[in-house]
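As a plain string of letters, each chain reads:
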Amino acid sequence: MAMATDLSYVIVGASIAGLSAAETLRTLTDAPILLVDGDPDAPCDRTALSKDVLIAPEVGDGVFLRTEAQLAEQRIAVRRQYAAGLDASRHELELCDGTVVRYSRLLIAAGASPFVPFAVAPDVELHLVRSLADARGLRSQLVDGTSVAIIGSGLIGCEVASATRSLGLETSIVSIYSGPFAKPLGVEVSDYFRAMQAQAGVRTHYSTGVTRISARAGVVQIELDNGAVIESDVVVAGTGVLPNVEWLAGSGVELDNGIICDDCLTTNLPDVYAAGDIARWPGGPFGELIRLEHWTNAADQGHAVARVMWGDCQSAPDLPVPYFMSSLHGKRVQSAGYPALSDECKVFRLADGAGLVALYRKKDRLVGCLTVDKPRLLVKFNALLSERASWHQALERATELLPAAVT
Ligand SMILES: Cc1cc2nc3c(=O)[nH]c(=O)nc-3n(C[C@H](O)[C@H](O)[C@H](O)COP(=O)(O)OP(=O)(O)OC[C@H]3O[C@@H](n4cnc5c(N)ncnc54)[C@H](O)[C@@H]3O)c2cc1C
C-alpha cells in the first residue's frame, strides 16, 4: 500500500466515527490531524445517554470518551466549531465562524440529528436525546412523582421508557407502529417487547400518531390521531434521526439519505470520505446501499476509513458483521447482521421467559439474529453470519442449539 506523505487530515465530527478515524490515523502517520465539532461535550459515549446518564447520575465524567489532554497527547487538534460549507475543488472547509480550514483529505463523520414529525407549541419543552446536554436536561426533570410521555417506539423511546420505569416514574409510550421495533424486527419480536413493556408497567398507545403537542397550566397535552389526549409532565421524542448533511448543500457531494460512498467509504468528490451514521455505502448482505445507526459500525468504519485515507484503497476494508446492543427492563438485547432488510423472521422462545432468539432470512441466506438474554447464542449465530451461512444451515444449527425452544 502506498503511503501518502505531507498531508493534513481534517475530520468533521468528533464522535465515535471521527475519533476512531483520528486515532487510527495517528498510528499510521505523523501528519497534522484536526477534529472539527461544535458540540462542547464531544466525544462522549452517546449510548449511555438514554441509559446510565438517566438512571445513574454518578456516571459523571465517565461518559466522556477522551479528554482534551488525551487528544493533545496524541497530537490530535480540536476546533469547537461546526462546519458550514465545503469547497472540494479548493480543498477547503468553511466553519460557522467564517474561518476556512484547508485539508488534504477530509472525513465527514457528522452523524445524525433527531427528527420531529409533528407540530409542537412554542411553550412546550420537548426533550430529545442526542447530546449529553439533552440527556442531562431530561435527567434534571425526572424527579419523583413526574409523569413522562415518550413519542416513538424505536431504540431511544424504548430505552428512555425502560429508564423512567426503573426510576419508578409513570411512563407512557406512543407510536404509529403496532409495537416496539415493529418495523425493523417484525411483528412477533415486537409483540415480545410489547409484553415486556406491559409487565414493566409502561402504558402503551400503539398504532396511533401524534397530531399536536401543547401545554395547559404546565401540563403537556399530547393529541393523538385517534382523538385521545395524553397528559404528562415531561415529553420526550424518539422519532428517528436524519443525517447531518444540510451544510453540504451545493458542495457537489452525492447525497441521498446520507452521503453516498463506495465500498471504500470514498465519496464522489476527490479526497472526501464519510463514515458512521452519516455514511450510506454498499454494505448490505447482498451489496445493498445501507446506512446504519450503530455504535460499533461507526467505530469500525472510523478505523477502516483511516486506513483508506492514509493509503490507496486497493480493496474494500473488511468490516465486521453489524452488531448492536441494548438493555431494556433489565434484559440484554443484542442483534447482529441486518434484521431490518430481511424477508422472513423465525422466532425461538425459551421456556419460563428465559429469553428469545430470532433469526432473519433474506433470499436463501441467514442475514440477521436477535437475542434477548442469550449472549452466547448471539456469538454462535454471529459466526454463521460471518460465514455467510445459508438459511437451511442456520435452521439446522438452531435445532441443535435450541432443542427445547417453542417456535
Ligand atoms: C441516546 C442514544 C443511545 C444510543 N444507544 C445505542 C446503543 O445502545 N447501541 C448502539 O449500537 N447504538 C446506539 N446509539 C447510536 C450510536 O450512538 C450512533 O450510531 C453513533 O453515535 C454514531 O456515531 P457517529 O460518530 O457516526 O455520529 P454521532 O455520534 O452522531 O456524532 C456526530 C458528531 O458530529 C458533530 N457534527 C454534526 N454536524 C456537524 C458539523 N456541521 N460540523 C462539525 N461537527 C458536526 C456532532 O456534534 C457530533 O458530535 C445510540 C444513540 C443515541 C442518541
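In short, a report on the structure.

Definitions and limits used
Residues numbered from 1 in each chain as written. Predicted model: local features only at pLDDT ≥ 70, side-chain atom pairs only at ≥ 80, totals over all residues. Heavy atoms only, no water. Helix = DSSP H or I, 4+ residues; strand = E, 2+ residues; numbered from the N terminus. Rg over C-alpha atoms; globule rule 2.2 N^0.38 Å. Contact = heavy atoms within 4.5 Å. Areas by Shrake-Rupley, 256 points an atom, 1.4 Å probe, with all protein chains shown as cover. Lys, Arg positive; Asp, Glu negative; His and termini not counted. Charge placed at Lys NZ, Arg CZ, Asp CG, Glu CD. Phe/Tyr/Trp six-rings, centres within 6.5 Å; stacked < 30°, edge-to-face > 60°. Buried < 20%, exposed > 50% of the residue type's maximum accessible area, 1.4 Å probe, protein only. Lys NZ or Arg CZ within 6 Å of the ring centre and 35° of its normal. Pairing = 2+ DSSP bridges. Axes fitted to C-alpha atoms, helices over the stretch in contact; angles between N-to-C directions. Expected span 1.5 Å × (residues − 1). Salt bridge = Lys/Arg side-chain N within 4 Å of Asp/Glu carboxyl O. Core = buried A, V, L, I, M, F, W, Y, C linked by side-chain atoms within 4.5 Å. Near = heavy atom within 4 Å. Polar contact = N/O pair within 3.5 Å; in protein donor to acceptor, adjacent residues only side chain to side chain. Nonpolar A, V, L, I, M, F, W, Y, C, P; charged D, E, K, R; others polar.

Right, let's talk about the overall build of the protein chain for a bit. Looking only at helices and strands, the protein chain features ten helices and 26 strands. For 407 residues, the compact-globule formula gives about 22 Å, and the C-alpha radius of gyration of the protein chain, at 22 Å, lands near that figure. In terms of principal-axis extent, the alpha carbons of the protein chain reach across some 60 × 60 × 40 Å. Across the protein chain, the fraction of contacts at a sequence separation of at least 24, relative to all contacts at a separation of at least 6, is 60%. Total accessible area computed for the protein chain in this model is approximately 17700 Å², and 50% of it derives from carbon and sulfur atoms. Of the side chains in the protein chain, 35 bear a positive and 48 a negative charge, and the two mean positions are spaced by 4 Å.

Quick look at the packing of aromatic side chains now. By the definition in use, this model includes two aromatic pairs. Note on Tyr 192 and Phe 193: the rings are 5.7 Å apart at their centroids and 90° apart in plane angle, and the pair reads as edge-to-face. Each member of the pair, Tyr 192 together with Phe 193, is buried. One aromatic cluster is present, built from ring pairs that chain together Phe 181, Tyr 192 and Phe 193. Just above the ring of Phe 286 sits the side chain of Arg 365; from NZ or CZ to the centre is 4.7 Å.

Another point: the sheet that holds strand β6 (residues 100–102). A sheet is described by the order of its strands in space; here three strands give the open sequence β4-β5-β6, paired in antiparallel fashion. Single-partner strands in this sheet number two, and they are β4 (83–87) and β6. Within the sheet, the average angular offset between the axes of one strand and its neighbour, ignoring direction, is 25°. Pairing geometry for β4 and strand β5 (residues 92–95), over four bridges, is antiparallel. Of the residues in β5, the one forming a bridge with Asp 87 is Glu 92.

Let us look at helix α7 (residues 187–199). Every α-helix winds through 3.6 residues per turn, so residues three or four apart in the chain are directed the same way. With 13 residues, α7 extends 18 Å from end C-alpha to end C-alpha; this agrees with the ideal 18 Å at 1.5 Å per step. Of the residues flanking the end of α7, it is Gly 201, one or two places downstream, whose phi is positive at about 90°.

So, about the pattern of salt bridges. Inspection of every chain in the model, using the stated rule, returns 17 salt bridges. A salt bridge links Arg 212 to Glu 223, with the nearest nitrogen and oxygen atoms 3.8 Å apart. Residue Arg 212 is found in strand β14 (residues 210–216), and its partner Glu 223 is found in strand β15 (residues 219–224); the two are separated by eleven residues along the sequence. In this structure, Glu 400 and Arg 397 form a salt bridge, with 2.8 Å as the shortest nitrogen-oxygen distance. With a gap of three residues between them, Glu 400 and Arg 397 both fall in helix α10 (residues 391–401), about one helical turn apart. Given the relative accessible area of 54%, Glu 400 is considered exposed. Exposure remark for Arg 397: the relative accessible area of 27% places this residue in the partly exposed category. Through salt bridges that share partners, Arg 90, Glu 92 and Arg 102 make up one connected network.

For the rest of this paragraph, the subject is the nonpolar core. Leu 86, Leu 93, Leu 106, Leu 107, Ile 108, Trp 247 and Ile 259 are the most contacted members of the largest nonpolar core, which has 59 residues in total. Mapped onto this core, the elements with two or more residues apiece are β1 (9–12), α1 (16–28), β2 (33–36), β4, β5, β7 (105–108), β20 (272–274) and α8 (295–310). Not counting chain neighbours up to four residues away, the residues in contact with Leu 106 comprise Val 10, Val 12, Leu 86, Leu 93, Asp 271, Val 272, Tyr 273 and Met 309. Among the nonpolar cores identified, the runner-up in size contains 22 residues, and Val 53, Ala 135, Val 202 and Tyr 206 belong to it.

We now examine the site of the ligand. The environment of the ligand is made up of 36 residues, and the closest members are Ser 15, Asp 37, Arg 46, Lys 51 and Arg 130. In the environment of the ligand, an oxygen atom lies 3.4 Å from a nitrogen or oxygen atom belonging to the backbone of Ala 110. Met 325 has a polar backbone atom sitting 2.9 Å from an oxygen atom of the ligand. For the ligand, whose accessible area on its own is 990 Å², the fraction buried by protein is 95%. For the shell around the ligand, the secondary-structure elements that each account for two or more residues are α1, α5 (155–166), α8 and β22 (323–328). Top contributing element to the shell around the ligand by residue count: α5, with three residues. The residue makeup of the shell around the ligand, split by class, is 19 nonpolar, nine polar and eight charged.

The subject of this paragraph is the pairing of β5. In this antiparallel pair of consecutive strands, β4 and β5, the connection spans four residues, and His 91 shows a positive phi of 55°. In sequence, β5 turns back onto β6 through a hairpin of four residues, with Gly 98 there showing a positive phi of about 90°.

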